[in-house]
Every structure is written in structure tokens, then in C-alpha cells.
Amino acid sequence: MNLSNLGYGLVLLGLLCAAFAAIVGITTGMMRKESALPLVQKAIYGFAASMLGANLVMVYALLSHDFSVKYVAQVGSLSTPTIFTIVSLWSALEGSILFWGAIMGAYIFAFAWTYRKEHGRYMQLSLGVMAAVATFFAFLIAGPANPWTHIANPLADGPGPNPLLQNHVLMIIHPPMLYLGYVGMTIPFGIAAGALLRGELGDAWLVPLRKWTLVPWIFLSVGIILGSWWAYAVLGWGGYWAWDPVENASFMPWLTATAFMHSTMVLEKKKSLKLWTIALALASFILTIVGTFMTRSGVFNSVHSFTQSDIGPTFLVFIGVLLVFSTLLLAVRGHMLVAESQLGSIVSREGSILLNNLVFAAITFVVLLGTLYPLITEGLLHKKITVGEPYFNQMALPLSLATLFLMGVGPMLPWGVADPKVIQRQAIIPGAVGLLVAGVCFAFGFRGWMPLTVFGLSGFVVVVTLRELFLPAQQRMTEQKEKMFTAIFVSASRARRRFGGYVVHLGIVAIMVAVAASSAYKIHNTGTLKLGESMKIGEYSVRFDGLDRGKEPHREWIAAKLTLTSPGGEETVHHGSSAPRMNFYERSNDPIGSPSVTEMIVRDVYVSLLSYDVKANTASFNMWIFPMVGWIWYAIPLLVLGTLIALWPQRKQKPVPATAPVAEVVPGAP
Amino acid sequence: MKPETRNRLIALGAILVAGSALAWIAFGNIGENLVYYWKPSEMVAQGQKAYGATVRLGGVVVPGSVLFNTEHTALTFQVADSHKGDAVKVTVKSEQTPPQMFREGIGVVVEGAFSADQVFRTNRLMVNHSNEYRAPTDGGMPDEAWKNSLTKAE
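Because the structure is a prediction, the values reported are computed rather than measured. Each chain carries its own residue numbering, running from 1 in the written order of its sequence. The order in which chains are written sets their letters, starting at A; the order in which ligands are written sets their numbers, starting at 1. Local features in a predicted model are, by the rule used here, given only for residues with pLDDT of at least 70; side-chain atom pairs are given and counted only at 80 or more, and totals for whole chains, interfaces and linings are based on all residues.

(A) Region of the structure containing the overall build of chain A. In this description a helix means any DSSP run of H or I spanning at least four residues, a strand means any run of E spanning at least two, and both kinds are numbered starting from the N terminus. Across its full length, chain A holds 21 helices and 11 strands. Taken over C-alpha atoms, the radius of gyration comes to 27 Å for chain A, in line with the 26 Å a tight globule of 670 residues would show. Going through the 670 residues of chain A one by one, you find that 51% of them count as buried. A separation threshold of at least 6 residues defines the contact pool for chain A, and within that pool the share at least 24 residues apart is 75%. For this measure, only C-alpha atoms enter the radius of gyration; the expected value for a globule follows 2.2 Å times N^0.38, where N is the number of residues. Exposure is read from a count of other C-beta atoms within 10 Å of each residue's own; the residue is exposed at 12 or fewer, buried at 20 or more and partly exposed in between. C-beta atoms are placed from the backbone. A pair of residues counts as a contact when their C-beta atoms, built from backbone coordinates, are within 7 Å of each other.

Here it is in C-alpha cells:
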């Protein structure tokens with residue numbers, strides 16, 4: 001048996017298992033026959049195992065360079081380094097959908113296994129809905145995006161994966177992160193759809209819904225940031241975000257999922273915003289599918305659309321089905337989602353969260369409109385246009401400032417009714433610090449209302465957040481006479497979600513400051529240098545020390561050796577791998593640049609090689625100084641830390657107090 | 001009317017007003033920030049309407065038209081619809097160093113604006129990328145000779 005047959009067989013087995021789980025789960029769930037659940041669970045385990053198996057077979061085929069498998073013939077090459085050979089599993093459409101299947105299997109398995117004993121009655125329906133989504137992807141792998149086609153007379157070598165993907169180590173982790181974010185949204189979708197189908201909309205399913213949204217949320221966050229880092233470090237155009245449709249595609253579900261994480265608090269505390277919260281959970285999932293469609297169907301001619309294929313129509317049908325299904329669910333069950341209590345004043349925690357949700361919805365609308373507008377005009381008017389970056393920047397700027405402001409105001413306000421005097425007293429110190437930060441920045445020569453507003457608001461938010469983080473600990477230190485670390489640890493573990501959420505807020509503030517500073521105060525210079533000549537970039541000076549060249553198994557390169565002189569006169573030599581270079585891959589006609597990025601805490605010096613002339617020994621450069629840009633990626637640990645704190649399982653302590661509403665099912669389980 | 005119902009109506013009204021305001025601003029803003037994909041002939045056919053609009057002009061660099069002054073990084077060349085002799089040509093000026101791939105005869109996309117003096121000014125020059133793998137046709141990679149001339153010439 002050859003690898004093609006083995007792999008395809010496993011995919012078919014996975015398709016069968018998923019379809020079986022979907023049909024049995026949904027039909028028996030609707031008939032309320034809970035006895036069928038073990039059958040559904042087993043089929044799901046079967047799906048997960050066969051998807052994992054199929055991926056292992058593909059990795060083996062790639063590593064053993066079995067060019068009789070179509071996908072290996074498409075992306076494999078004997079000269080590609082082993083690590084990039086493994087990575088080429090997701091370097092083109094068919095492989096990435098196969099990899100998608102493995103992640104889907106892992107997620108559904110993890111969910112089904114976690115709640116195999118304690119679960120709500122909607123579990124069967126939820127698993128059924130998830131299995132239905134899995135069926136769609138298994139169908140894609142088996143049909144329109146089949147990587148397994150057997151090639152009777154294989155060539156001795158292949159072209160290797162797309163050079164852009166081989167050019168940087170970030171490409172090894174960025175796509176899996178993004179996929180983990182995208183695919184994971186299937187779980188909250190399944191939970192919500194299952195509970196809606198079942199028509200039992202108590203509280204029990206909200207905890208798993210929230211937790212299983214937070215998991216893909218953090219992967220999506222990290223995936224988006226790593227993607228922008230990759231664009232910055234590889235593409236060499238001197239930026240990290242261009243409002244490219246593919247970037248927007250990952251940003252929109254992040255926006256709705258973030259809004260969900262906030263509105264779910266109002267739902268738990270105030271039994272309000274039910275319909276809205278559920279709609280956000282459904283929308284986050286649908287937007288990930290829309291995003292995959294945008295990325296993978298090639299409807300946009302963007303830099304990422306190197307994986308065009310004929311899966312587009314299949315995806316469009318799936319999106320249509322999802323939209324109809326979700327709308328029907330909400331329409332039929334809408335009466336069960338009426339708020340049990342009224343939202344009070346707008347000046348309250350719930351009021352600020354409501355405003356935050358409206359702002360997030362507005363940003364999503366703006367991005368969606370700007371992304372789809374070219375498709376609509378091209379489809380209806382046959383005019384080929386695109387929406388310029390200024391639209392996105394101008395629209396997103398005031399809305400982002402609003403979120404920053406709310407990030408400071410919200411945590412300060414109490415639930416319910418706020419006492420104006422208390423709020424005023426609480427706002428004095430953070431407000432003063434915010435003004436001070438803006439003033440100091442102004443005094444040090446920073447100008448422009450946008451960055452100064454961001455810096456000032458950030459100071460305000462950081463003070464509010466730190467106070468919320470450490471005030472409980474301080475109280476414990478004075479009242480219980482605890483040591484500082486014990487007090488912080490105990491107070492954090494008593495309120496994990498709150499503590500984790502505020503840590504995440506600090507990360508987001510760092511990103512906003514970095515974006516504001518690096519876009520408002522960047523310095524650009526370009527020019528051609530002869531051997532030994534220097535040019536200025538801000539207070540730095542760059543000297544060209546000649547061209548260098550080299551050959552690796554999978555590429556050749558030309559580098560421009562540089563010496564960077566800092567304002568203090570300190571010289572850094574960039575002659576080796578840190579010199580900006582152009583890489584020539586066998587497969588690509590165009591050279592792929594690698595800019596030289598000198599990272600520092602407060603600024604990056606970014607030099608990209610534009611062109612060179614070997615005979616005249618000259619080279620042309622594009623250079624930038626980006627203040628604080630690194631803080632965007634340095635924020636990743638904060639985001640991850642905060643999420644881990646929020647997700648850390650609560651130890652089972654006291655039984656639920658008798659005053660708590662009696663849940664229909666086992667508490668704390670779906 | 002119960003106060004609850006009244007509050008809901010007020011909230012709903014507020015959201016509707018805010019939503020339509022947002023939609024109005026967004027649509028207005030989008031209209032000002034459109035970027036048109038035009039060939040030289042399409043752009044010239046627009047007449048005065050094309051002046052000042054942000055355009056991504058796509059075409060081929062007319063052989064023999066490239067003038068590059070490295071001292072002042074002033075680049076001038078012509079872009080045409082195609083290699084045919086009678087194709088519409090537009091003069092393009094840039095103050096950027098052209099990328100390595102740039103040469104006469106190659107497909108380019110330049111982003112900028114056309115003005116009444118019939119010059120297209122750009123600060124963004126992109127060589128038509130083709131990262132799709134093309135099978136070797138006549139014994140070698142396309143442009144292999146060109147790549148060699150760059151990497152091996154001494």
C-alpha cells in the first residue's frame with residue numbers, strides 16, 4: 001500500500017466518523033435520547049485519531065520525499081532544510097486544510113474528553129454541531145483540496161515550499177497559532193448552537209462557553225501579533241500592518257471574540273445582554289470561516305493569496321448555510337434570551353462594557369465594510385478598486401482611542417449604581433498621572449495630538465489597572481499581616497479572571513503605545529551608497545562596507561555589509577547574518593529580501609536592501625527608525641500570562657452556597 | 001408606557017442613531033480613500049477626472065524610457081498598456097530607488113496620482129510579482145539567465 005492510499009483512507013475514515021457523529025449527535029439530541037452520547041463521543045475520538053494519523057502520514061511522506069504524493073511533489077524539495085520540510089505541511093492550500101483537520105480533531109477530542117463524565121444535556125447536540133463543521137473540513141480534504149492524489153511517474157525532486165515561508169523562523173509558529181485560533185472558535189459555536197437547539201438556556205453552559213472562547217482567543221491574539229512581526233521582519237517594506245484583507249480576516253473574529261469576553265461578564269452578573277452575547281459567539285465563528293474563505297479562495301489579490309484554488313464556491317455555500325442556521329437559531333430561541341433584569345445607568349461597570357461592545361461592533365463593521373467593498377464594486381459595477389489604508393486608519397483611530405479610554409474608566413466604575421463622589425475621588429490620581437505623562441512627553445519634544453492622547457490615556461489606564469490588580473493584595477497585607485508575595489498570590493487566585501483580565505489589559509496598552517509611537521514618530525530615509533559611504537537616519541549613521549554573497553543548499557544570497565553608528569558614537573557591525581540581504585530561491589523569480597532589524601527597547605533601526613550593483617560596488621537602501629515598535633511583540637508574554645491566570649482551573653473548594661440559583665445540571669459543567 | 005419599555009426604546013433609538021451615523025461616516029470616508037486599478041489607457045480615458053485620484057497604475061516599463069539619477073534618486077520612466085508600439089504611454093516620476101527587480105520591459109504597478117501636467121508621480125513602485133511556481137519550460141528556470149547576470153557578474 002502506498003502512502004497516498006493510506007493517507008486518503010485515513011481522511012475518508014475521518015469523514016465517515018465526523019458525519020456519523022454529526023448525524024447521530026444532532027438527531028438523537030433533538031429527540032432527547034441521551035443514551036446515544038457514548039456513540040457520538042466514540043465517533044469523535046475516531047475522527048480525531050484518523051485526522052492525526054493522516055497528518056502523521058503526510059509528515060512522513062514529506063520527510064521521506066515521497067514525490068508520488070501530489071502535495072509532496074508540489075511543496076517538497078530535497079534541498080529544503082528538514083525543519084522547513086515539516087513546516088511545508090501548512091505552506092500551501094491542501095496541506096494547510098489537512099493540518100486544519102488535525103487541529104479540529106485535537107480540539108473536539110479535548111472538549112469531548114474534558115466533559116466525558118460531567119456535562120449538560122446539550123452536550124450531544126454541541127458535539128453534533130462541532131462534528132458537522134468537522135465533516136465539512138474532512139469533505140474539503142477528501143474532495144476539492146485533496147493532497148493525496150497519487151502520481152504514477154513521480155519526478156526525482158520538487159520545487160520546495162513557497163520561498164516567503166522558508167525565509168523566517170516565525171513562519172514555523174505563526175500559522176499554527178492562527179489556525180489554533182481559527183479552528184478553536186468551532187468549540188464555542190458548538191456549545192452555543194447545542195444549547196440553543198436544545199432550548200435549555202440556563203447558566204450552566206456559560207462557563208464552558210467563556211473558557212472555550214478564551215482558548216482560541218489567546219491563540220488568535222498571538223497569531224495576529226506574530227503575523228505582523230513576520231511581515232515586519234521578512235517582507236521588508238517597513239511596516240507590520242497594512243490592512244491587507246488577510247490581516248483583516250484574522251482581526252475581525254478577534255474583535256467579536258474580545259467583545260464577547262466582555263459582554264459575558266454582564267450576562268453573568270446582570271442576566272442581561274443574552275441575545276447579544278450569544279450572537280457574538282456565533283459571529284466569531286462565522287467570521288473565522290469567512291476569513292478562511294478570504295485567505296484560501298484567492299478572491300483578493302493580496303500578498304497572501306499564493307494558495308488559490310477552486311475551494312471558493314464550497315466555502316461560500318458553507319458560509320451561507322452557517323448564516324441561515326445561526327439566524328434561524330436566534331430567531332426561534334430569541335424569546336428565551338430576553339434579559340432578566342434591566343441595565344441600570346450608563347455610568348456603571350455594565351454601562352462601560354456595553355459601550356465597549358458597541359465600539360468593538362463599530363470597528364468590526366468598519367473593517368468588514370472596507371474589506372468587502374472592493375468585492376462588491378467589482379461584482380456589481382465591474383470596477384477594480386481597493387480601499388486605501390487611510391480609510392482604515394482614520395476610522396479605527398477614534399474608535400481605538402475610545403476603547404483605550406473605556407479600558408481605564410470601566411474598571412473604576414462599580415456594578416449597578418455609581419456614587420459620583422466616589423468616582424471623582426478614584427479618578428483623581430489616574431487622571432493626574434495621565435495628564436502628567438502627556439505633559440512630560442510634550443516637554444521632551446513629542447508633538448501631535450494623536451500620540452500624546454494615547455500616551456496620556458495609557459498612563460491613566462495603567463494606574464487604574466495596577467490599582468485594581470494590587471489593591472486587594474495591599475488590603476490583605478494590612479488586615480491579614482501577609483507578606484507581599486503571599487498577598488498578591490492569594491488575592492490573584494481568589495479572583496483569577498479579574499486578575500488575568502487586567503494583566504491582558506496591560507499588554508493591550510503596551511501594544512497601543514507601540515503602534516502610536518512607531519507610526520507617529522517613524523523616520524524614513526532612502527538612498528544609494530558607494531563602498532565606505534555613510535548616510536544618516538535620524539541620529540544614527542549607516543556605513544556601507546561592501547557586498548557579500550553566499551550559497552546554501554536551498555538558496556543563494558547577496559548581503560550588504562553595514563556598520564551602524566549610534567548617536568553616542570557606538571558602532572555595531574552587521575557583516576554576518578544580521579546584514580540586510582536578498583535571497584534567491586530556485587522556485588522564485590523574485591529575490592526575497594531580509595531586512596536588517598536592530599532591535600532595542602526604545603526603538604528599532606530597520607534597514608532593507610533595495611538593490612545593488614556588483615560591478616560598481618554600490619547598494620541602495622530603505623531605512624527606518626521605528627520608536628518602540630518592539631513593544632507590540634513584547635506584549636505577547638503579558639497576554640499569555642493573563643489568559644493563563646484567567647483559565648487556571650479553580651480548585652474545588654466549598655460547595656455552592658444555597659442562595660445560588662439551582663442549575664439544571666451539574667454545576668460547573670456544560 | 002412602562003418605564004422599562006421607554007428605557008429600551010430610548011436605548012434602541014440611541015443605538016440606531018449612532019449606527020447610522022457610523023455607517024454614513026464610513027461610507028463617506030471610503031469614497032475619499034478609494035484606490036483605482038487602471039491601465040494607462042483607462043486612466044487617460046478618464047480625462048480630467050483622473051487628476052488627483054489615488055491610482056494603482058499597472059503596465060509595462062517601456063524599453064529605453066528609464067532615466068535614473070543616483071545622486072538625487074530621481075527616476076523617470078514610461079509605463080504602457082503593453083509592448084505594442086501604439087500602446088498608450090504615461091510618464092512616471094519617482095523619488096525612490098527602484099527595487100532590484102526593476103528593469104526595462106518588466107511589468108510594474110505604481111501607486112500615486114496623475115496630474116494635469118501629464119506626469120504620474122509615485123512613491124511606491126512594485127514590480128509585478130509572480131511567486132507562483134512555473135515549471136521549467138525550455139530546460140531552465142525563467143529568468144535564470146537574468147538572475148545569473150546579477151549574482152555572478154564580477
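(B) View of the sheet that holds strand β11 (residues 618-627) of chain A. Residues and elements named next belong to chain A. In this description, strands pair whenever DSSP reports at least two bridges between them. Spatial strand order, β2-β11-β10-β9: 4 strands in an open sheet with antiparallel pairing. In the strand order of this sheet, the two ends are held by β2 (523-530) and β9 (596-599), each with one partner. Direction aside, neighbouring strands of the sheet carry axes that sit 15° apart on average. Looking at chain direction, β2 and β11 are connected through 8 bridges and run antiparallel. Within the sheet, the bridge partner assigned to His524 lies in β11 and is Trp624. Axes, fitted as lines to C-alpha atoms, cover a helix only where it is in contact. Angles between the N-to-C directions of the axes lie from 0 to 180 degrees.

(C) Structural view of helix α16 (residues 420-443) of chain A. All names here are of chain A. In a helix, the anticipated span is given by 1.5 Å times the number of residues less one. Taking 1.5 Å of rise per residue, 24 residues should cover 34 Å, and α16 covers 33 Å from first to last C-alpha, within 8% of that figure. The angle separating two fitted axes, one through the seven residues that finish at a residue and one through the seven that start at it, defines the bend at that residue. Within α16, the axis deviates most sharply at Ile428, by approximately 35°, and proline Pro430 lies no more than four positions further along. Of all the residues in α16, the buried ones are Pro430, Gly434 and Ala438. The inward-facing, buried residues of α16 contact α15 (389-412) and α17 (449-479).

(D) Examining the domain arrangement of chain A more closely. Structurally, chain A comprises domain 1 (1-161), domain 2 (167-338 + 348-400), domain 3 (401-521 + 643-647) and domain 4 (523-627). Here the C-alpha centre of domain 3 of chain A lies 44 Å away from the C-alpha centre of domain 1 of chain A. Residue ranges assigned to each domain were obtained from an automatic or database domain assignment.

(E) Expanded view of unusual backbone geometry. All names here are of chain A. The backbone of Lys271 shows a phi angle near 55°, a positive value even though the residue is not glycine. Along the chain, the position of Lys271 falls in the loop between α11 (245-270) and α12 (274-297). Positive phi values are uncommon outside glycine, yet Leu273 reaches one of about 60°.

(F) Structural view of the pairing of strand β7 (residues 581-585) of chain A. Residue and element names in this part refer to chain A. In terms of residue burial, β7 counts as a mostly covered element, since 4 of its 5 residues are buried. Where strand β5 (residues 555-565) and β7 come together, 5 bridges link them in antiparallel fashion. Bridge pairing in β7 places Ile558 opposite Met582. Relative to strand β8 (residues 592-594), β7 runs antiparallel, the two being bridged by 3 bridges. For Arg581, the partnering residue across the bridge sits in β8 and is Ser594.

(G) Representation of the environment of Leu329(A). Residues and elements named next belong to chain A. Relative to the helices and strands, Leu329 resides in helix α13 (residues 312-333). Of the residues examined, Leu329 has 19 C-beta atoms within 10 Å and is grouped as partly exposed. Put simply, Leu329 and Phe621 are 292 residues apart on the chain and 57 Å apart in space, counted from C-alpha to C-alpha.

(H) Representation of the nonpolar core within the structure. Residue and element names in this part refer to chain A. Take the buried Ala, Val, Leu, Ile, Met, Phe, Trp, Tyr and Cys residues, join any whose C-beta atoms are within 7 Å, and the set you get is a nonpolar core. If you look at the biggest cluster of nonpolar residues, it comprises 211 residues, and the most contacted ones within it are Ala21, Phe47 and Val513. Per-element accounting of this core gives the leading share, 18 residues, to helix α10 (residues 206-235). Not counting residues within four places of it along the chain, the set of residues in contact with Ala21 comprises Val40, Ala43, Ile44, Phe47, Leu127, Gly128 and Ala131.

(I) Fine view of the packing of helix α2 (residues 37-63) of chain A against helix α5 (residues 93-114) of chain A. Residue and element names in this part refer to chain A. α5 packs onto α2 with a crossing angle of 145° between their chain directions and a minimal axis gap of 8 Å. In the packing of α2 onto α5, the handedness of the crossing is left-handed. When α2 is examined against α5, the residues Gln41, Ile44, Tyr45, Phe47, Ala48, Met51, Leu52, Ala54, Asn55 and Met58 are found in contact with a partner set consisting of Gly95, Leu98, Phe99, Gly101, Ala102, Met104, Gly105, Ala106, Ile108, Phe109 and Ala112. Amino acid classes used here: Ala, Val, Leu, Ile, Met, Phe, Trp, Tyr, Cys and Pro are nonpolar; Asp, Glu, Lys and Arg are charged; the rest, including Gly, are polar. Here the residues of the contact of α2 with α5 sort into 16 nonpolar, 5 polar and no charged. Each helix crossing is assigned a hand: it is left-handed if the near helix lies turned anticlockwise from the far helix by less than a right angle, otherwise right-handed if that turn is clockwise.

(J) How the structure looks around the environment of Ser534(A). Residues and elements named next belong to chain A. Mapped onto the secondary structure, Ser534 falls in strand β3 (residues 534-537). Looking at Ser534, the number of C-beta atoms within 10 Å reads 13, which means it is partly exposed. Along the sequence, Ser534 and Leu564 sit 30 residues apart, while their C-alpha atoms lie 9.3 Å from each other. Those residues in contact with Ser534 that sit more than four places away from it in its chain are Ser541, Val542 and Arg543.

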